[in-house]
Amino acid sequence: MNVLGWTGDTNVPPGAQPFRRGRWTALLASSDSTKTPHARLAIQVSWFDTGFDFIPVAPAQQLTRADVTGAACLGNLETIWKNIEGRGQFWLAVRPRDEHRSMPCQGRAWLQTRKARQDQERHHKTLLDKIVKELNLPVNACQQGAQRASSAILVPRHAAQKTRLAIAQIAQKHETSADVTLAVSGLWPPLAFTQKGLGTA
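Figured I'd write up the structure that's included with this text. (Residues numbered from 1 in each chain as written. Predicted model: local features only at pLDDT ≥ 70, side-chain atom pairs only at ≥ 80, totals over all residues. Heavy atoms only, no water.)

1. Here we look at the overall build of the chain
- A tally of helices and strands in the chain yields six helices and eight strands.
- Starting at the N terminus and walking to the C terminus, you meet the elements of the chain as β-β-β-α-β-α-α-β-α-β-β-α-β-α.
- Expressed as a percentage of its 201 residues, the buried residues of the chain come to 40%.
- Long-range pairs, those at least 24 residues apart, make up 70% of the contacts in the chain between residues at least 6 apart in sequence. (Helix = DSSP H or I, 4+ residues; strand = E, 2+ residues; numbered from the N terminus. Buried < 20%, exposed > 50% of the residue type's maximum accessible area, 1.4 Å probe, protein only. Contact = heavy atoms within 4.5 Å.)

Structure (structure tokens):
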């Protein structure tokens, strides 16, 4: 059995097996159905989509029942729960519209292209910072790489549609180049806002 999350609720979603530890219930699923991170994430998303609130474990983590006691004793679950209850996350990524431009192999052209990409990545981060600042919602640290900048924002479930519209309006105001696009995905379980507190970041 693998632990996919914790909840302070006594009810559990379909397919989950509860394992109670004090105030917290660990949500377990069979090892056969959780062999890969993708499979674990798929189960977490299916639970989240029913409206169920829980503290998700990073899909890359394989926690067993033996790990639950230690995590529950950390005292971090209560703090995490207060921060994420009733919320999910959107992933925002600023990236070039054409991500598959080839790069010269050597020489001055390679150096010039590399410099241009670094400048572009800095621009992407600046643009993303402007967007998330204007949204005024909890945000995790910006991640850069592969010609893109990305962040997760924490959103109340009931405000998801309103927030998605606000993101589109703010992005339209700040996008200054036809070569740049903002990708938004979600609503997802709030994974980016739980892992540091669980010691799995």
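Back to the write-up after that little detour.
2. Focus on helix α3 (residues 76-84)
- Among the residues making up α3, those that are buried are Leu-77, Ile-80, Trp-81 and Ile-84. Along the axis of α3, the buried positions cluster into a sector of 100°, meaning they face one direction only.
- Positive backbone phi, approximately 75°, marks Gly-86, located one or two places after α3. (Arc of directions from axis to C-beta.)

3. What about the pattern of salt bridges?
- On inspection of all chains with the given rule, the structure shows three salt bridges.
- For the salt bridge of Arg-23 with Glu-78, the shortest nitrogen-to-oxygen distance reads 3.0 Å. Residue Arg-23 is located in the loop between β2 (17-21) and β3 (24-29), and its partner Glu-78 is located in helix α3; the two are separated by 55 residues in the primary sequence.
- Note on Glu-78: relative accessible area 30%, which makes it partly exposed.
- When the shortest N-O distance is used, the salt bridge between Lys-125 and Asp-129 registers 2.8 Å. Of this pair, Lys-125 and Asp-129 are both found in helix α4 (residues 107-135), four residues apart, which corresponds to roughly one turn of the helix. (Salt bridge = Lys/Arg side-chain N within 4 Å of Asp/Glu carboxyl O.)

4. Thoughts on the packing of aromatic side chains
- Applying the stated rule across the entire model yields three aromatic pairs.
- Both rings, one in Trp-47 and one in Phe-54, keep their centres 5.8 Å apart while their planes meet at 75°; by these two values the pair is edge-to-face. The exposure classification of Trp-47 matches that of Phe-54, with both residues buried.
- Here the aromatic rings of Phe-52 and Phe-54 are separated by 5.9 Å at their centres, their planes lie at 25°, and the arrangement is stacked.
- The class of Phe-52 is buried, set by a relative accessible area of 11%. (Phe/Tyr/Trp six-rings, centres within 6.5 Å; stacked < 30°, edge-to-face > 60°.)

5. Let's talk about empty space enclosed by the protein
- Tallied over the full model, the rule gives one cavity of 30 Å³ or more.
- Approximately 30 Å³ is the volume attributed to the largest cavity.
- In terms of lining residues, the largest cavity is bounded by Phe-48, Phe-52, Asp-53, Phe-54, Ile-84, Arg-87, Pro-189 and Pro-190.
- Classifying every residue of the lining of the largest cavity by side-chain character gives six nonpolar, no polar and two charged. (1 Å grid on protein atoms, 1.4 Å probe; cavity = no way out; pocket = protein on both sides within 12 Å on 5 of 7 lines; lining within 4 Å. Points joined across faces, edges and corners; volume = space filled by probe spheres on them. Nonpolar A, V, L, I, M, F, W, Y, C, P; charged D, E, K, R; others polar.)

6. Overview of the side chain of Thr-194
- Structurally, Thr-194 can be placed in the loop between β8 (180-188) and α6 (195-198).
- Engagement of the side chain of Thr-194 in a polar contact is seen with the backbone oxygen of Pro-56, the distance being 3.1 Å.
- Within the local environment of Thr-194, its side chain forms a polar contact with the backbone oxygen of Leu-191, the two atoms lying 3.2 Å apart.
- The contact partners of Thr-194, leaving out residues within four places of it in the chain, are Ile-55, Pro-56, Ile-80 and Ile-84. (Polar contact = N/O pair within 3.5 Å; in protein donor to acceptor, adjacent residues only side chain to side chain.)

7. Observations concerning the environment of Gln-17
- With respect to the secondary-structure elements, Gln-17 resides in strand β2.
- With a relative accessible area of 41%, Gln-17 lands in the partly exposed category.
- Contact partners of Gln-17, with chain neighbours within four places excluded, come to Met-1, Ala-26, Leu-27 and Leu-28.

Geometry only, nothing functional implied.
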